[in-house]
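Residue strings, one per chain:
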Amino acid sequence: MDKIKILFVCSQNKWRSLTAEKICEKISGYSARSAGTEKGARIRVTEGLLGWADVIFVMEKKHESRLHSKFPETLTGKKVICLQIPDNYKYMEPELVELLQAKLSPYLEMSDNQTSFMERVLEPEVMDTWEEAVEYDSMDFSEVNAAFAKSAIALGPICGKILDAGTGTARIPIAIAQMRLTWELTCIDLSANMLKVAAENVSRAKVRSQIKLESIDAKAMPYPESSFDMVISNSIIHHLPDPLPFLQEVKRVLKPNGAIFLRDLLRPEKPEMRDNLVEMYAGDCNLHQKQLFSDSLQAAFTLAEVEMIVETAGLLGLRIYESSDRHWTAERAWM
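Quantities reported herein were computed from a predicted structural model and do not represent experimental measurements.

Participant: Would you mind showing me how to read the pairing of strand β4 (residues 79-82) here?
Facilitator: Two elements, strand β3 (residues 55-58) and β4, share four bridges in a ladder whose sense is parallel. Across the sheet, Val 55 pairs through a bridge with Lys 79, a residue of β4. Traced from β3 through helix α3 (residues 61-70) to β4, the parallel crossover comes out right-handed.

Participant: How should the environment of Pro 256 be read in this particular structure?
Facilitator: Secondary-structure assignment places Pro 256 in strand β9 (residues 254-265). Spatially, the C-alpha atoms of Pro 256 and Pro 245 are 18 Å apart, while their sequence positions differ by 11 residues. Every residue in contact with Pro 256, bar those within four places of it in the chain, is listed here: Ser 226, Arg 332 and Met 335.

Participant: Can you walk me through the pattern of salt bridges in this structure?
Facilitator: Oppositely charged side chains can pair when the atoms bearing their charge come close. Under the counting rule described, the total for this entry stands at 15 salt bridges. With a closest N to O distance of 3.4 Å, Lys 90 and Asp 242 form a salt bridge. Taken together, the residues Lys 90 in the loop between β4 and α4 (94-104) and Asp 242 in the loop between β8 (228-234) and α9 (244-253) connect sequence positions 152 residues apart. Looking at Lys 90, the relative accessible area reads 40%, which means it is partly exposed. Each member of the salt-bridge network shares a partner with another, and the members are Arg 16, Glu 60 and Asp 87.

Participant: Even after reading the chapter, I still don't get the side chain of Arg 16, so can you show me in this structure?
Facilitator: Within the secondary structure, Arg 16 sits in helix α1 (residues 15-25). Those residues in contact with Arg 16 that lie beyond four places of it in its chain are Cys 10, Ser 11, Met 59, Glu 60, His 63, Ile 85, Pro 86, Asp 87, Leu 96 and Leu 100.

Rules used throughout
- Residues numbered from 1 in each chain as written.
- Predicted model: local features only at pLDDT ≥ 70, side-chain atom pairs only at ≥ 80, totals over all residues.
- Heavy atoms only, no water.
- Pairing = 2+ DSSP bridges.
- Helix = DSSP H or I, 4+ residues; strand = E, 2+ residues; numbered from the N terminus.
- Right-handed = clockwise from strand over helix to strand, strands pointing away.
- Contact = heavy atoms within 4.5 Å.
- Salt bridge = Lys/Arg side-chain N within 4 Å of Asp/Glu carboxyl O.
- Buried < 20%, exposed > 50% of the residue type's maximum accessible area, 1.4 Å probe, protein only.

Rendered as structure tokens:
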């Protein structure tokens, strides 16, 4: 039996239409695609897409009007349904998922839909008390940090200027500096106390000549365009309510041939999966440290969300993949 072909349309082909497309991927009997009506859309509506679709869902009345105005002949005999969903949501936001499922259920057979998403719960963007900084620095990430440092070095240039965004207590740039003497590392963070601990760590490791620590907001950096040969970042993304401004800044300050190495946590699908990861990797930590890890997992993004945000930021040529049972990685080698 042929699948019913569905096209979801909004303005920019971003959060609403892409979430709807993702939901339909889980339902047997349907093939879904999404497109936008505006010039800046990720994929623009075409006669071919409209001709392909058996059913067309638009998010707002204005999208339906644009389609009828531009493609009157192509829409002849086509079923166009307006869902009346405003542009107030992020990609795969639980409230948006529930709203789409309710709006689509009169038209689509939703019984096969097994989509289940643990809600993203934000944690503070900045860990700025001295106690939090010391507590974080005392957690043993040495193995993970060493692996990050080696991978970053393998992707980066022999020598150059490297930006570490969200450096925390600078454990990773210290490991890099000890292995790559030809790198100049600019390490930024918004937490004054994290940077104080970082300064002590840098001094103790005797790498002050290579590492410059700066109190900078990674979402609005003061550096000129094309300032860095490589941008690295470990675990900054899950702290940001919206990572898009940060990733757009990464694109701006990075040289066109620059390398990128980003890594962060993955949000588990279910609470029990989150709790299992906490016990597996923080079982020997104190209760506060366990809670920190649990909160970070809950605040993280899914791989699909990361892919979409990176693409929206216009960062090209990145390989984005699940690099462990709790991490995603986005990387691009220096050219």
